[in-house]
Amino acid sequence: MTSEQDINKVSLEVDGKIYDGWKSVVISSGIDQICRSFAVEITDNFPGNLEKFTRLRSGQSVVVKIGTDTVCTGYITSTPISYDAKSVTVQVQGKSKTVDLVDCCSPWAAIASSKEHTDTSNSDSWKDVDPGKNSVQTVSVSKKVSVSWHNQSTQKIIADLCAPYGITVKCQSDIGNKYTNFTVNPGETVVESINRLLVKDNLIVTDDAFGNLVITEPGKAGDCEDALVTGENVLSASANFDVSKIYSTYAVVGQHKGSDLDFGKQASQDKGIAIDQNVDRYRLLVIKDTGQSSVGMTKSRADFERSYRSAQFSESTHTIQGWRQSSKKLWEINKIVRLIDNILGFSSKKSQLIKQLSYNLSPSGTTCSITTIPPEGYSRGESNKNPKSQTEQKSSSSGSWADVK
């Protein structure tokens, strides 16, 4: 029978060897983060006992596990060592494979690699790490490095951007057949390129435990078995209830390339308006949409900004004892959890989306910090789910700014 200590033992697998026995641990992930991270540390009064840990080097491939559950697949990024007269401390820090998307630039015409690449789902050297438990679609990539795309889907462009760095893209939801044009800006990182794409589609893009990039929807991971309940499993909690970034009116403006039948104001004055009825006083935020726009795109982004900023008001963080639920499953991001917290004002009917979490081990024991937000904060909006043609979008618009006043 597996003991509680065994299922919560944190281990690092590097070059076929297992390293464990850490005195402190922090493993963090979030749906707003393309790259999860970890930091483990061990301190000993006898330097000779730490010899095996000093063999770890920055840049090595690593798989981080809690018990038998993989929680991060990536690289060691740093190995700080410090000592004094009494002890030696060794720390190992690392990040998901997707760290290269955060740190490195997208390829562009002047320096694009001439090396052809194939679908990373087949050629990835990490393929044995991912057991393929989730029935998700792996997005195929182009045979050669691309720097611009014409009439391609968002997920296809993201897959091509990630391919030079060996990152497989998984699509967990049907995001439609929306096609767009895109060109890499020289000098921008891959994540900056992806963010420019996401502005149009309001998608959630994060990583998974196996170092893949995942395109998903809020709550796609399912429901938690346990609730977060004040007086039962919650050790501490906090919420800011900050309204400083909430507005009564959101106006998104943009423009698109004209044609013989679509020109002048129709092409240069795309706009979308969203009103937050819960804000009493007049507060206007105008956002300029970049690239090719449309009435549907601007309306969708205005709706998203309203929903997301409103949801931020109800963001809260709860710290609980342990890393696992009563079913022995780890707490995970992008799951729906019930909050019962009368102090912060969350009733038993309030379901929140796990936005971020952190597994922590310290001398005081194992704790898990869980940050939640209303799931509607990540809603893609009807404009993106049921896109109309540009002509239909134009005819449905009043063509005035009456709603802004």
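The rules behind these values
Residues numbered from 1 in each chain as written. Predicted model: local features only at pLDDT ≥ 70, side-chain atom pairs only at ≥ 80, totals over all residues. Heavy atoms only, no water. Core = buried A, V, L, I, M, F, W, Y, C linked by side-chain atoms within 4.5 Å. Buried < 20%, exposed > 50% of the residue type's maximum accessible area, 1.4 Å probe, protein only. Helix = DSSP H or I, 4+ residues; strand = E, 2+ residues; numbered from the N terminus. Contact = heavy atoms within 4.5 Å. Pairing = 2+ DSSP bridges. Patch = residues over 30% accessible without salt bridge, like charges linked within 9 Å, V, L, I, M, F, W, Y side chains within 5 Å. Areas by Shrake-Rupley, 256 points an atom, 1.4 Å probe, with all protein chains shown as cover. Salt bridge = Lys/Arg side-chain N within 4 Å of Asp/Glu carboxyl O. pLDDT = per-residue confidence, 0-100.

**Points about the nonpolar core**
Within the largest apolar cluster, 46 residues are counted, with the highest numbers of intra-cluster contacts made by V10, L12, W22, I27, V64, W331 and Y359. With five residues, strand 22 (residues 346-362) is the largest single contributor of residues to this core. In this view, I27 contacts V10, S37, F38, V64, I66, V71, L357, S358 and Y359; residues no more than four positions away in its chain are not counted. The next biggest cluster of nonpolar side chains, apart from the first, holds 25 residues, and it includes I158, C162, A163 and L203.

**Remarks on the pairing of strand 23 (residues 365-373)**
Across six bridges, the pairing between strand 20 (residues 316-321) and strand 23 is antiparallel. Bridge pairing in strand 23 links Q321 to T367. Where strand 22 lies against strand 23, nine bridges are found, and the strand directions are antiparallel. Looking at strand 23, one finds that S362 is bridged to G365. Taken together, strand 22 and the strand that follows it, strand 23, pair antiparallel across an intervening segment of two residues.

**Some remarks on the side chain of S193**
As for its position among the elements, S193 is in helix 5 (residues 190-201). Its relative accessible area of 0% is what places S193 among the buried residues. Ignoring sequence-local partners within four residues, the contact set of S193 consists of S106, L161, F182, V184 and E188.

**Quick look at a nonpolar patch on the surface**
A surface patch of nonpolar side chains, about 290 Å² in accessible area, is lined by Y282, L284 and V286. If you trace the backbone, L284 turns up in strand 19 (residues 284-292).

**Let's talk about the confidence of the model for the protein**
Residues with a pLDDT of 70 or more make up 77% of the protein, whose mean pLDDT is 82. Segment residues 114-128: pLDDT under 50, and 33 contacts once partners within four positions in sequence are set aside and those in other chains are kept. Within the model, pLDDT remains below 50 along residues 383-402, and this stretch shows 29 contacts once partners closer than five positions in the same chain are excluded.

**Concerning the pattern of salt bridges**
On inspection of all chains with the given rule, the structure shows 11 salt bridges. Between D207 and R36 there is a salt bridge, with its nearest N and O atoms 3.2 Å apart. Taken together, the positions of D207 in strand 13 (residues 204-207) and R36 in the loop between strand 3 (24-30) and strand 4 (37-44) put the pair 171 residues apart, joining distant regions of the chain. The same class applies to D207 and to R36, which are both buried. Measuring nitrogen to oxygen at the nearest pair gives 2.9 Å for the salt bridge that ties K156 to D160. With K156 and D160 both in helix 4 (residues 154-162) and four residues apart, this pair spans about one turn of that helix. Three or more residues are tied together by salt bridges with common partners; here these are D32, E315 and K355.

**A closer look at the pairing of strand 21 (residues 336-341)**
Where strand 15 (residues 228-229) lies against strand 21, two bridges are found, and the strand directions are parallel. Pairing of L228 across the sheet is with L339, part of strand 21. Taken together, the five bridges between strand 21 and strand 22 define a ladder with antiparallel strand orientation. Of the residues in strand 22, the one forming a bridge with V337 is Q352. Hairpin connection of strand 21 to strand 22: four residues between the antiparallel strands, including G345 at a positive phi of 90 degrees.

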